[in-house]
Amino acid sequence: MMRSLYSGVSGLQNHQTRMDVIGNNISNVNTIGFKKGRVTFQDLFSQYYDSPSGPNEVRGGINPKQVGLGMSVASIDTIFTEGSLQTTGVKTDLSIAGNGFFVQRKGDEYFYTRAGAFDVDSQGALVNPANGMRVQGWNAQFDGVNYFVNTTGPMEDIEIPLQVKDPARATSLVRFRSNLDKNTPEIPVGATPQEIREGTWTSEQEIFDAFGNTHLLQLNFTKEVGAINQWRVNALLDPGSETPLPLTLTVGGIDSVDSSFLLNFDNNGILQNVTNDIGGTDADGDLEVTITYTPNETNPEPGATGALLPRIETFQLNVGQAGNFVDGVTQFASASSTKGFFQDGKTMGYLKDFRIDDQGNIVGIYTNQENRTLGQIALATFANPEGLEKTGETNFVETINSGQALIGEANEVDRGSILSGKLELSNVDLAEEFTDMIVTQRGFQANSRTIRTSDQMIQELLTLKQ
């Protein structure tokens, strides 16, 4: 009878533990990124009444006789199933579709979480505004030419410096493509203004110098008089201004005598090569003309002897590939449409906004229409996430049984992808919790009834003496 009393006590204590876990789950039903707990039970040591014995020639085997001494908590597990997603529209609200964790830093300590309600603080750091922990990842680096993110390097605090400047960049490449109408008339000697207009196709493209000043590149296409399948291209820079800028055109390493060059097509309308009047030729691969100009005489540069020299700007004018009609200038009997479709220069701009893609790339949007990667958010996975230790504030830390954090990019291995503008809700199922609550309550009641019945039996035993 005393055994049944203590068995009942163990049942009361451990069902209370299960009720504590259920209560914590229910209290966090609206906690973003929360992962519910689950309690499992196991029986305790069983006392022998009689040991088992094997069969022999005289009699068969005898099973053991044991009385259990109660139960205990086998485990309190953290269940890492994904919760539902709530759309917020806030770009710094992040969730993970997969098994990863966001990494946060406080001092020298690292914490891992599924709760992605982040924000940008006054210094431009991406943080958890509830506790000030800094979100970890990799910031973009500049190698002198391009910006890149080195995800193999150590993690660092993610920074999104709003209003930072993006420097101006001089145009180094301009591309033209589309078509020149084969039926365009030649311009005769002594042509009228109308004949000149009808025989000229004009295309314009903005370019930029190193200071971000805008210049207008104008190309005038006319059929070469007396030639077959040949067009002359006259280049002008800022033709409508009071001081048009002089140009130097170089084809195949040879400077043109004027600001013009020639496009030569075959009978099928395919561009074959680019030449000038004194033998300069480009006939292989990308057909390019080098254009050199002096953008601003008031901004000289020091020469080798210290004397101030005019600043020189150079860019490549690409008109397509030799023998390729897909991406370049052609000569077919269709309306002329040749125009510039790409140039790589820009003015100075300010970072005005940003967005976060599914790989965690933070892409800055500048006022000069430039889009540039500012950094990338890191994700962590663990060999045994159930071995993580809860530290409050919906955070976890690694333990000896979780394994070390495996840090990397989203969409790699099983880290999952990052969804911007969404938050992961708690994975607590109220219907399941209420059902478990009923079962736990009945278990608690049954164990209390065991104690009460055992007490009544002891009371009956004590009354035998009377």
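Everything that follows concerns the structure shown earlier in this document.
Residues numbered from 1 in each chain as written. Predicted model: local features only at pLDDT ≥ 70, side-chain atom pairs only at ≥ 80, totals over all residues. Heavy atoms only, no water.

### Remarks on the overall build of the chain
The following threshold applies: Secondary structure elements follow DSSP: runs of H or I of four or more residues count as helices, runs of E of two or more count as strands, with numbering from the N terminus. As a reference, a globule follows 2.2 Å times the number of residues to the power 0.38, and the radius of gyration itself is taken over C-alpha atoms. Residue exposure (1.4 Å probe, protein chains only): buried if accessible area is under 20% of the type maximum, exposed if over 50%, otherwise partly exposed. By definition, residues are in contact when any of their heavy atoms lie within 4.5 Å. Charge assignment: positive for Lys and Arg, negative for Asp and Glu; neither His nor the chain ends contribute. A charged residue contributes its charge at one atom only: NZ of Lys, CZ of Arg, CG of Asp or CD of Glu.
Scanning the chain from terminus to terminus reveals 3 helices and 40 strands. For the chain, whose C-alpha radius of gyration is 39 Å, the value lies well above the compact-globule estimate of 23 Å for 466 residues. Seen through its C-alpha atoms, the chain measures out along the principal axes to roughly 145 × 60 × 40 Å. By the burial criterion, 41% of the 466 residues in the chain qualify as buried. Considering only intrachain contacts with a sequence separation of at least 6, the fraction spanning at least 24 residues in the chain is 63%. Here the chain carries 33 positive and 57 negative side-chain charges, and the mean point of each set is 13 Å from the other.

### What to know about the side chain of Thr290
What counts is decided by this rule: We call two N or O atoms a polar contact when they sit within 3.5 Å, provided that within protein one can donate a hydrogen and the other can accept it, with sequence-adjacent residues counted only if both atoms are side-chain atoms.
The topology assignment puts Thr290 in strand 26 (residues 286–293). A polar side-chain atom of Thr290 sits 3.0 Å from a polar atom in the side chain of Gln316. If we ignore the near neighbours within four places in the chain, the residues touching Thr290 are Thr248, Leu249, Thr250, Thr314, Phe315 and Gln316.

### Observations concerning the nonpolar core
To keep things clear, this is the line we draw: Only buried residues count toward a nonpolar core, which is a set of Ala, Val, Leu, Ile, Met, Phe, Trp, Tyr and Cys residues joined through side-chain atoms within 4.5 Å.
With 28 residues, the main nonpolar core has Phe261, Leu263 and Leu317 as its most contacted residues. Looking at this core, the elements that each hand over two or more residues are strand 17 (173–181), strand 19 (214–223), strand 20 (230–237), strand 21 (247–251), strand 23 (260–265), strand 24 (271–275), strand 26 and strand 29 (313–321). Excluding its chain neighbours within four sequence positions, the residues that come into contact with Leu317 are Val174, Phe176, Leu219, Phe261, Leu287, Glu288, Val289 and Ile291. Of all hydrophobic cores here, the second largest spans 18 residues; its members include Leu94, Val135, Ile158 and Ile377.

### Points about the sheet that holds strand 18 (residues 200–208)
Using the following cut-off: Two strands make a pair as long as DSSP finds a minimum of two bridges between them.
One open sheet holds the 6 strands; their spatial order is 18-19-20-23-24-25, and the pairing between them is antiparallel. Every other strand in the sheet has two partners, leaving strand 18 and strand 25 (281–282) as the edge strands with one partner each. In the sheet, strand 20 pairs with strand 23 via 5 bridges, with the strands oriented antiparallel. Residue pairing for strand 23: Gln230 is matched across the bridge by Asn264.

### Brief notes about the packing of aromatic side chains
Rules: Two rings from Phe, Tyr or Trp (for Trp, the six-membered ring) form a pair when their centres sit within 6.5 Å of each other. Planes less than 30 degrees apart are called stacked, planes more than 60 degrees apart edge-to-face, and all others tilted. The criterion for a charge sitting over a ring is simple: Lys NZ or Arg CZ within 6 Å of the ring centre, and within 35 degrees of the ring normal.
Applying the stated criterion to the full structure yields 8 aromatic pairs. Between the aromatic rings of Tyr112 and Phe382, the centroid separation amounts to 5.0 Å while the plane-to-plane angle is 85 degrees, which identifies the pairing as edge-to-face. Here Tyr112 is found in strand 8 (residues 109–113), whereas its partner Phe382 is found in the loop between strand 35 (379–381) and strand 36 (389–392), with 270 residues between them in sequence. A residue is classified by how much of its surface remains accessible, and Tyr112, at 6% relative accessible area, is buried. The exposure class assigned to Phe382 is buried, which follows from its relative accessible area of 9%. Ring centres of Tyr293 and Phe315 lie 6.1 Å apart, and the angle between their planes is 70 degrees; this geometry places the pair in the edge-to-face category. Here the residue Tyr293 occupies a position in strand 26, and Phe315 occupies one in strand 29, the gap between them amounting to 22 residues. Members of the aromatic cluster, each reached through a chain of ring pairs, are Phe80, Phe101, Tyr112, Phe382 and Phe396. In this arrangement the basic side chain of Lys91 is found over the ring face of Phe354, its NZ or CZ atom lying 5.1 Å from the centre. In this structure, Arg372 packs its charged tip against the face of Tyr147, placed 3.7 Å from the ring centre.

### Some points on the environment of Arg311
Position of Arg311 relative to the elements: it lies in the loop between strand 28 (308–309) and strand 29. Sequence separation of Arg311 and Ser53 is 258 residues, and the distance between their C-alpha atoms is 104 Å.

### Topic: the sheet that holds strand 6 (residues 93–97)
The strand order 9-6-39 describes an open sheet built from 3 strands, whose pairing is antiparallel. The open sheet has two free edges, formed respectively by strand 9 (116–117) and strand 39 (417–420), since each of these has just one partner strand.

### Notes on helix 3 (residues 430–463)
Basically, it comes down to this: To estimate how far a helix should extend, the number of its residues minus one is multiplied by 1.5 Å.
Compared with the 50 Å implied by 1.5 Å per residue over 34 residues, the 49 Å span of helix 3 between its first and last C-alpha is a close match. Sitting at the amino-terminal end of helix 3 is Asp429, which places a side-chain oxygen 3.1 Å from the backbone nitrogen of Ala431.

### Concerning the pattern of salt bridges
So the rule is basically this: Salt bridges are defined by distance alone: a side-chain nitrogen of Lys or Arg within 4 Å of a carboxyl oxygen of Asp or Glu.
Going through the model one piece at a time under the given rule, you end up with 15 salt bridges. One salt bridge connects Arg105 with Asp157, and the closest N-O pair in it is separated by 2.7 Å. Of this pair, Arg105 sits in strand 7 (residues 101–106) while Asp157 sits in strand 15 (residues 156–157); the two residues are 52 residues apart in sequence, bridging distant segments of the chain. Across the pair Asp166 and Arg372 runs a salt bridge, and its minimum N-O distance is 3.6 Å. Of this pair, Asp166 sits in strand 16 (residues 165–166) while Arg372 is found in strand 34 (residues 371–377), placing the two residues 206 residues apart along the sequence. Pair check on accessibility: Asp166 and Arg372 agree, each one buried. Here the salt bridges do not stand alone but share partners, grouping Asp166, Lys346, Glu370 and Arg372 into one network.

### Things to note about the pairing of strand 26
Sheet analysis places strand 21 next to strand 26, joined by 4 bridges and oriented antiparallel. Bridging across to strand 26, Leu247 finds its partner in Tyr293. Two strands pair when backbone bridges link them, and strand 26 and strand 29 are joined in this way by 7 bridges, in the antiparallel orientation. Bridge assignment links Val289 to a residue of strand 29, and that residue is Leu317.

### As for the side chain of Asn229
Inspection of the secondary structure assignment puts Asn229 in the loop between strand 19 and strand 20. Judged by relative accessible area, which is 7%, Asn229 ranks as buried. Here the side chain of Asn229 touches Lys182 through a polar contact of 2.9 Å, side chain to side chain. Not counting residues within four places of it along the chain, the set of residues in contact with Asn229 comprises Lys182, Leu263, Asn264, Phe265, Asp266, Asn267 and Gln331.

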